[in-house]
Amino acid sequence: MDQVILVNEQDEPIGTMEKIEAHEKALLHRAFSVFVFNDAGELMLQQRAKDKYHSPLLWTNTCCSHQKVGETNIEAGKRRLQEEMGFTTDLKDVCSFIYKAPFDNGLTEHEFDHVLTGVYNEEPNLNPEEAEAYKWMKLEDVKADMQKNPEIYTAWFIIIFDKFYEFISQ
């Protein structure tokens, strides 16, 4: 059973809860979003697997998930990169913020999200239970495509990308 870490608005842990229950109740919990770039400055996007319980087949950032109890943001990011995308790389914890986004299935994401960035230049080895496909895109192309085709992107990726476009494109 996947537990998430419930936090207050200062990211201080206040308990744990089963992941689905936290999403049903829209309770604030700790999460992370990984953005992996190549040397050309392109972002690796992931297409979520068709059998994911929410947002299947939508495009999103390289990977994202929830920290386990006792795990640092960086450890969590590296673990999920390996589990979802089949590689690992050094990550930096660059910023964090709180957001709320409804899913297509009645659940709500309410997260204290840590944005982690890294660099990688090879092909990922996708876990088919997590990711359907991947592609590299320049940030300005992602931004333009999001405005044209918002329905093909996850709700949280649009929020994160919009909020931190300037920050992550440095």
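The rules behind these values
Residues numbered from 1 in each chain as written. Predicted model: local features only at pLDDT ≥ 70, side-chain atom pairs only at ≥ 80, totals over all residues. Heavy atoms only, no water. Helix = DSSP H or I, 4+ residues; strand = E, 2+ residues; numbered from the N terminus. Buried < 20%, exposed > 50% of the residue type's maximum accessible area, 1.4 Å probe, protein only. Salt bridge = Lys/Arg side-chain N within 4 Å of Asp/Glu carboxyl O. Core = buried A, V, L, I, M, F, W, Y, C linked by side-chain atoms within 4.5 Å. Contact = heavy atoms within 4.5 Å. 1 Å grid on protein atoms, 1.4 Å probe; cavity = no way out; pocket = protein on both sides within 12 Å on 5 of 7 lines; lining within 4 Å. Points joined across faces, edges and corners; volume = space filled by probe spheres on them. Phe/Tyr/Trp six-rings, centres within 6.5 Å; stacked < 30°, edge-to-face > 60°.

Enquirer: In this structure, what is going on with unusual backbone geometry? I would like to understand it.
Expert: Trans is the common state for peptide bonds, and a negative phi is the common state for residues other than glycine. In this structure, A26 takes a positive phi of about 55° despite not being glycine. Structurally, A26 is set in the loop between α1 (19–25) and β3 (29–37). Not every positive phi belongs to a glycine, and S55 is a case in point at roughly 55°. Within the secondary structure layout, S55 lies in the loop between β4 (42–48) and β5 (59–60). Judged by relative accessible area, S55 falls into the buried class, the value being 4%.

Enquirer: What is the right way to look at the pattern of salt bridges in this model?
Expert: Any two side chains of opposite charge can pair if their charged atoms end up close together. As enumerated under the stated definition, the model contains ten salt bridges in all. A salt bridge links R79 to E71; its shortest N-O distance comes to 2.7 Å. Pair check on accessibility: R79 and E71 agree, each one buried. Across the pair E84 and R80 runs a salt bridge whose closest N-O atoms are separated by 3.0 Å. Of this pair, E84 and R80 are both found in helix α2 (residues 73–85), four residues apart, which corresponds to roughly one turn of the helix. You can call E84 buried: its relative accessible area is 4%. Under the relative-accessibility criterion, R80 is labelled buried at 12%.

Enquirer: Explanation requested: the nonpolar core in the structure shown.
Expert: Generally speaking, a soluble globular protein has its nonpolar side chains buried in company with each other. If you look at the biggest cluster of nonpolar residues, it comprises 24 residues, and the most contacted ones within it are L45 and F157. Looking at this core, the element that brings in the most residues is helix α4 (residues 155–168), giving six residues. Look past the residues within four positions of F157 in its chain and what remains in contact with it is F35, L43, L45, W59, T60, N61, V142 and M146. Within the second largest apolar cluster, 13 residues are counted, among which are M44, L116, Y120 and A131.

Enquirer: Even after reading the chapter, I still don't get the layout of surface pockets, so can you show me in this structure?
Expert: By rolling a water-sized probe across the atoms, one finds the places where empty space is left. The space that makes up the largest pocket amounts to roughly 430 Å³. In this structure, the largest pocket is lined by 26 residues; those nearest its centre are K19, C64, S65, H66 and R80. Among the elements that make up the lining of the largest pocket, the one with the highest residue count is α2 (four residues).

Enquirer: I would appreciate a short explanation of the packing of aromatic side chains in the present structure.
Expert: Describing an aromatic ring pair means giving the distance of the ring centres and the angle of the ring planes. All told, the structure shown has five aromatic pairs when counted by the stated rule. Their ring planes at 40° and their centres at 6.1 Å tell us that F35 and F157 sit as a pair that is tilted. Of this pair, F35 sits in strand β3 while F157 sits in helix α4, and the two are 122 residues apart along the sequence. Each member of the pair, F35 as well as F157, is classed as buried. With a centroid separation of 5.9 Å and an interplanar angle of 45°, the aromatic rings of F97 and Y99 are classed as tilted. Comparing F97 with Y99, the two get one shared label, buried.

By themselves, these observations are geometric and do not establish any function.
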